[in-house]
Amino acid sequence: YTIISRTNKNIIKNAFELCEEKKYINFIGGIEKYGFHFIEDMYNFKISGKTNNPYLANYREYGEIKAHMEISNEINSAIKTAVEVVETYNSEIRSLMKNLKQFTTDKKDITQVFLTNVHQAKGLEFDNLKIDNDFIEYQNFIKYRALANPNEAEEQLTQLEEKINSAYVVIIPA
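The rules behind the values
Residues numbered from 1 in each chain as written. Predicted model: local features only at pLDDT ≥ 70, side-chain atom pairs only at ≥ 80, totals over all residues. Heavy atoms only, no water. Salt bridge = Lys/Arg side-chain N within 4 Å of Asp/Glu carboxyl O. Pairing = 2+ DSSP bridges. Helix = DSSP H or I, 4+ residues; strand = E, 2+ residues; numbered from the N terminus. Axes fitted to C-alpha atoms, helices over the stretch in contact; angles between N-to-C directions. Buried < 20%, exposed > 50% of the residue type's maximum accessible area, 1.4 Å probe, protein only.

Moving on to the pattern of salt bridges. In the structure shown here, the tally under the stated rule is seven salt bridges. Several salt bridges converge on common partners, so that one network encompasses K46, K66 and E87.

Pasting the structure below:
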């Protein structure tokens, strides 16, 4: 079966859980599309304060990245995801990454679960599809509309429209 997620953060969470269950996983579009190398770089930077990653080299320490994230809306989503994953799994990162390397395959015949996001899944069809829980729920749609006021409505409605479009892209081929 295939699990389709809206965010790479959920793909990463699912990958770690499936590898803990010793299931062979395959990333549609290739594992490099999902930010695992950056997560490893971020974790190593947190632990050692050293990095070869050009982006992370702009910071003196990991705490600066977290502080920048808290005060800026301009932080890249890949950076937010990496920090959130490092904070969530912390000392487990090394063993989770080892499991990931052991149970990730490109061989479709031994793959037990395919993982993808909406962007990688566009135009593809799946026999068995599980839609991950990170898609917007209808209740949230109503809540967003009720909370929207003329001053903040445009940004909220744009974000909502993106979420609805993502859900639509997933559901139609399924």
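From this point, the narrative continues.
A few words on the sheet that holds strand β4 (residues 129-131). Here we have four strands laid out as an open sheet, ordered β2-β3-β1-β4, and parallel in their pairing. Pairing within the sheet leaves two strands with one partner each, and these edge strands are β2 (25-27) and β4. The sheet shows a mean angle of 25° between the axes of neighbouring strands, taken without regard to direction. With four bridges joining them, strand β1 (residues 2-5) and strand β3 (residues 113-117) adopt parallel strand pairing.

What follows covers unusual backbone geometry. Located in the positive-phi region is K22, a residue other than glycine, with phi close to 60°. Mapping K22 onto the fold places it in the loop between α1 (8-20) and β2. Taking relative accessible area as the criterion, K22 reaches 56% and is therefore assigned exposed.

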